[in-house]
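# Structural overview for review
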Amino acid sequence: MAKQDDGNGSIKQPGKFLGSLRDALAAASREDTNRLTTAENPTTAKPELDADATTSLAMKIAPPSDIITDAPETCPPQISSSDSHDSSPSSDKTDDVAPSAPPPLPNAADAAREARGGTPNIPPVVRSPAGDRHVEFDAPPTTHVVRPSPIPKEDDEDMARTQLVRGKQQVERGDFSQDPVVGWLVIVGGPGIGSFRPIYEGNNTVGRASSNRVAIDFGDDAISAEEQAYVRYDSADRSFLFVPNLAKTNVVSVNDKRPATAVPLQGMDVITMGRTQIVFVPFCGADFDWSELTELKG
Amino acid sequence: MSAFEYGSSATRGQRGYQEDSAALWPGSATFDWPQVLPQPAAGILVAVLADGMGGHAGGAQASQTVCRSFLEHLATSDNSDTHPAPAPERLRAALEAANASITKTVEANPRLDGMGSTLIGTTFGAEGLEWVSVGDSPLYLFRRGEIALLNEDHSLAPALDQLAASGEITAEQARTDPRRHMLRSAITGEELDLIDVSKIPLALEPGDAVILASDGIHTLDTDDVVRIVAAYLGDGPQAVADALVRSIENQKEPHQDNATIIVVYPTG
């Protein structure tokens with residue numbers, strides 16, 4: 001992470017700091033009112049805000065020792081702790097310029113590096129040589145659990161929902177010029193009879209509107225426009241799931257049962273939505289999955 | 001003997017719900033949780049913060065579940081041990097317990113499938129700070145006017161920044177890429193892809209502030225965080241946490257994410 005550049009900034013830093021704080025306060029008017037009401041001296045006027053902020057830097061200014069002597073007994077715990085911040089560095093040194101003494105512990109960035117065992121916490125990105133679809137994250141400091149089965153892609157919608165991608169994030173779609181088909185829905189009854197729609201890997205939204213990944217747009221308005229149901233194919237276990245969208249009132253059934261939750265789909269299952277009957281025909285499954293081709297090529 | 005003092009604060013931002021959770025042991029939680037854990041050894045403080053995902057019920061439930069099970073596991077396994085501070089293995093075990101609790105929750109209620117959470121688990125003891133982390137919730141150390149990120153960012157942000165640094169994409173593209181907030185690792189009940197664990201305890205000194213935050217804090221840039229922490233350091237950890245959350249709210253970000261902050265001080 002970015003850190004404040006300090007170098008030998010023990011003298012110039014207070015000025016810089018106060019200047020920028022003042023700017024920030026003026027620009028955003030964000031803390032000054034609260035600040036004054038929570039200040040230790042209620043009488044503080046705006047100019048003393050700076051002085052107060054300066055003492056909170058703990059090591060920059062000597063006078064806190066005066067304050068410390070009378071503070072601890074009367075102040076609530078929160079404040080006495082803040083005094084302990086002030087007192088311990090300044091009690092070590094009789095002089096007022098604390099930063100000139102060698103710090104007992106490394107600075108923040110070095111301390112972080114030490115605790116990490118000397119490794120950086122920004123994993124380097126290594127592009128795999130074949131220029132294929134993965135960007136590899138070589139992350140030595142962490143446990144990297146390698147997934148045994150390559151998952152060619154995760155569905156866009158799923159990613160938006162979970163905001164999770166797997167350890168290897170691909171930046172390209174691999175060799176497919178379009179999403180690989182994993183099965184079909186064939187219309188066997190109702191408007192659109194004889195037509196079919198492909199099902200793709202991951203999550204397929206099924207509904208009447210063309211925005212659905214699987215659009216049953218043959219004019220059956222008893223089907224919800226948006227996301228009447230979901231058909232999911234998981235390439236990890238090569239299974240299909242039918243998930244009704246229970247937020248929709250339109251009736252959906254699978255083999256004449258009305259599922260209240262996700263149900264596995266088998267080949268030739270009949271899905272009924274509105275006045276439309278749909279047969280499910282799998283392409284991927286136990287016998288085939290696109291990942292097999294990818295593995296052969298790899 | 002070491003002692004620690006803490007404060008915490010949270011905002012929902014512009015979201016209609018709070019998916020972050022945070023809890024301290026011994027101490028309280030940001031969610032409804034009557035803590036019945038045994039007291040830890042003297043001088044030990046455990047702080048845990050989680051940023052849930054999965055929308056509405058799912059996200060909040062995920063982050064609460066992992067906080068609770070993480071602490072419960074630490075608390076119950078801590079009794080049998082004489083070590084003053086839990087070792088990395090113990091943190092890891094607690095993390096696995098948190099992960100397993102998500103698996104169990106989803107099994108009990110399949111509609112929650114897809115929920116998950118980040119987690120920062122920290123222990124403060126005589127030897128200092130140790131942590132375990134999954135996801136993109138930052139853990140910072142403030143020391144002598146500087147701030148450093150302690151844990152690894154499991155979002156795609158570091159990768160995008162590196163692509164920008166190497167000239168493959170522009171800095172602007174890196175900054176606005178929607179994948180920036182996607183996670184390479186999270187607690188979803190499945191195998192954990194990436195786990196960040198401290199190797200050795202990070203010794204703390206008076207004047208340090210350790211900050212656990214959810215990624216809603218990124219509304220503030222790091223320099224702002226440094227300024228605010230420095231300005232309120234002397235007022236105690238609660239004042240620092242409050243000031244950070246107030247500043248986030250005052251940015252009036254139209255899509256401000258949930259933000260939750262825990263600040264811990266060593267008190268000598």
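Position labels on residues start from 1 in each chain and follow its written sequence. Chain letters and ligand numbers both follow the written order, the letters beginning at A and the numbers at 1. With the structure being a predicted model, the display of local features is reserved for residues of pLDDT at least 70 and the display and counting of side-chain atom pairs for 80 or more, all residues being used for whole-chain, interface and lining totals. With hydrogens and water stripped out, all remaining heavy atoms of the structure feed into the side-chain values.

## A word on the overall build of chain B
Under the DSSP-based scheme used, a helix requires at least four consecutive residues in state H or I and a strand at least two consecutive residues in state E, with every element numbered from the N terminus. Check the secondary structure of chain B and you find six helices and 11 strands. By the burial criterion, 62% of the 268 residues in chain B qualify as buried. Contacts are assigned to residue pairs that have any heavy atoms within 4.5 Å of one another. Within chain B, residue pairs in contact and separated by at least 24 positions form 72% of the contacts whose partners lie at least 6 positions apart. Using a 1.4 Å probe, the Shrake-Rupley method yields the accessible areas, and only the shown protein chains count as cover for residues. A total of about 9,300 Å² of accessible surface is found on chain B, and carbon and sulfur atoms cover 50% of it. Here's how the labels work: a residue is buried when its accessible area is under 20% of the maximum for its type, exposed when over 50%, partly exposed in between, all with a 1.4 Å probe on protein chains only.

## So, helix H6 (residues 237-250) of chain B
Multiplying 1.5 Å by the helix residue count minus one yields the expected span of that helix. In this model H6(B) runs 20 Å from its N-terminal to its C-terminal C-alpha over 14 residues, within 8% of the 20 Å that 1.5 Å per residue would give. A positive backbone phi angle near 50° is found at Lys252(B), which sits one or two residues after H6(B).

## Comments concerning the environment of Met268(A)
By secondary structure assignment, the location of Met268(A) is in the loop between strand E12 (263-264) and strand E13 (270-273). With 82 residues separating them in the primary sequence, Met268(A) and Val186(A) have C-alpha atoms 9.6 Å apart.

## As for the side chain of Ser117(B)
Residue and element names in this part refer to chain B. With respect to the helices and strands, the residue serine 117 is situated in strand E4 (residues 116-117). Among the residues examined, serine 117 registers a relative accessible area of 0% and is labelled buried. Contacts described as polar in this section are N or O atom pairs within 3.5 Å, which, within protein, must combine one atom able to donate a hydrogen with one able to accept it, while residues neighboring in sequence count only if both atoms come from side chains. From its side chain, serine 117 meets the backbone oxygen of aspartate 51 in a polar contact 3.4 Å long. Ignoring anything within four residues of it in the chain, the contact list for serine 117 reads Ala50, Asp51, Gly52, Met53, Ala62, Ser63, Val66, Ala186 and Ile187.

## What to know about the environment of Met115(B)
Residue and element names in this part refer to chain B. Inspection of the secondary structure puts methionine 115 in the loop between helix H2 (88-108) and E4. With relative accessibility at 2%, the residue methionine 115 sits in the buried group. The sequence separation of methionine 115 and alanine 62 amounts to 53 residues, and the corresponding C-alpha distance is 6.2 Å. In this view, methionine 115 contacts Met53, Gly54, Gly58, Ala62, Ile102, Thr105, Val106, Ile187 and Thr188; residues no more than four positions away in its chain are not counted.

## Here we look at unusual backbone geometry
Residue Trp25(B) is joined to Pro26(B) through a cis peptide bond whose omega torsion reads 0°. Along the chain, the position of Pro26(B) falls in the loop between strand E2 (20-25) and strand E3 (45-53). Its identity as a non-glycine residue notwithstanding, Arg238(A) has a phi of 55°, on the positive side. Looking at the secondary structure, you find Arg238(A) in the loop between strand E9 (229-234) and strand E10 (239-244). The phi angle at Lys252(B) is positive, at roughly 50°, despite the residue not being glycine. Relative to the helices and strands, Lys252(B) is located in the loop between H6 and strand E11 (259-266).

## Concerning the sheet that holds strand E14 (residues 276-282) of chain A
Backbone hydrogen bonds hold the strands of a sheet together, and the pairing may be parallel or antiparallel. Residues and elements named next belong to chain A. Pairing between two strands requires that DSSP report at least two bridges joining them. Read across the open sheet, the five strands follow the order E6-E5-E14-E13-E11; overall the sheet is antiparallel. On the outer flanks of this sheet lie strand E6 (196-200) and strand E11 (252-254), each paired with one strand and no other. Going from strand to strand, the sheet's axes swing by 25° on average, the running direction of each strand aside. Both strand E5 (residues 181-189) and E14 contribute to a ladder of six bridges, which runs antiparallel. If you follow glycine 189 over to E14, its bridge partner there is glutamine 277. Axes here refer to lines fitted to C-alpha atoms; in helices the fit is confined to the stretch in contact. Angles between the N-to-C directions go from 0 to 180 degrees.

## Quick notes on the nonpolar core
Residues and elements named next belong to chain B. We call a set of buried residues a nonpolar core when its members are Ala, Val, Leu, Ile, Met, Phe, Trp, Tyr or Cys and they connect through side-chain atoms within 4.5 Å of each other. Formed by 31 residues in total, the largest nonpolar core has its most connected members in Phe70, Leu71, Leu95, Leu119, Val132 and Ile187. With seven residues, the top contributor of residues to this core is helix H1 (residues 56-78). Residues within four places of isoleucine 187 in sequence aside, it is in contact with Val66, Leu95, Ala98, Asn99, Ile102, Met115, Gly116, Ser117, Leu119, Val134 and Leu192. In this structure, Tyr140, Leu220, Val225 and Val226 belong to the second largest nonpolar core, which totals 28 residues.

## Structural notes on the side chain of Arg180(B)
Residues and elements named next belong to chain B. Structurally, the position occupied by arginine 180 is in the loop between helix H4 (171-176) and strand E9 (194-197). The exposure class of arginine 180 is buried, given its relative accessible area of 18%. Not counting the four nearest positions on each side in its chain, arginine 180 is found in contact with Ser155, Leu156, Ala157, Leu160, Asp161, Ala174 and Arg175.

## Considering the pattern of salt bridges
Residues and elements named next belong to chain A. Salt bridge criterion: a side-chain nitrogen from Lys or Arg within 4 Å of a carboxyl oxygen from Asp or Glu. With the rule as written, the count across this model stands at 13 salt bridges over all chains. Across the salt bridge formed by arginine 113 and aspartate 110, the nearest N and O atoms sit 2.9 Å from each other. Remark: aspartate 110 and arginine 113 occur in helix H6 (residues 108-115); sequence separation between them is three residues, near one turn of the helix. Looking at aspartate 110, the relative accessible area reads 31%, which means it is partly exposed. A salt bridge links arginine 275 to aspartate 220, with the nearest nitrogen and oxygen atoms 3.7 Å apart. Here aspartate 220 lies in the loop between strand E8 (214-215) and E9 and arginine 275 lies in the loop between E13 and E14, a separation of 55 residues in the sequence. Given a relative accessible area of 1%, aspartate 220 falls into the buried group.

## Overview of the pairing of E13(A)
All names here are of chain A. Alignment of E11 against E13, held across three bridges, turns out to be antiparallel. Paired with serine 253 across the bridge in E13 is threonine 272. Sheet topology places E13 next to E14; four bridges connect them, and they run antiparallel. Bridge pairing in E14 links isoleucine 271 to isoleucine 278. In this antiparallel pair of consecutive strands, E13 and E14, the connection spans two residues, and glycine 274 shows a positive phi of 55°.

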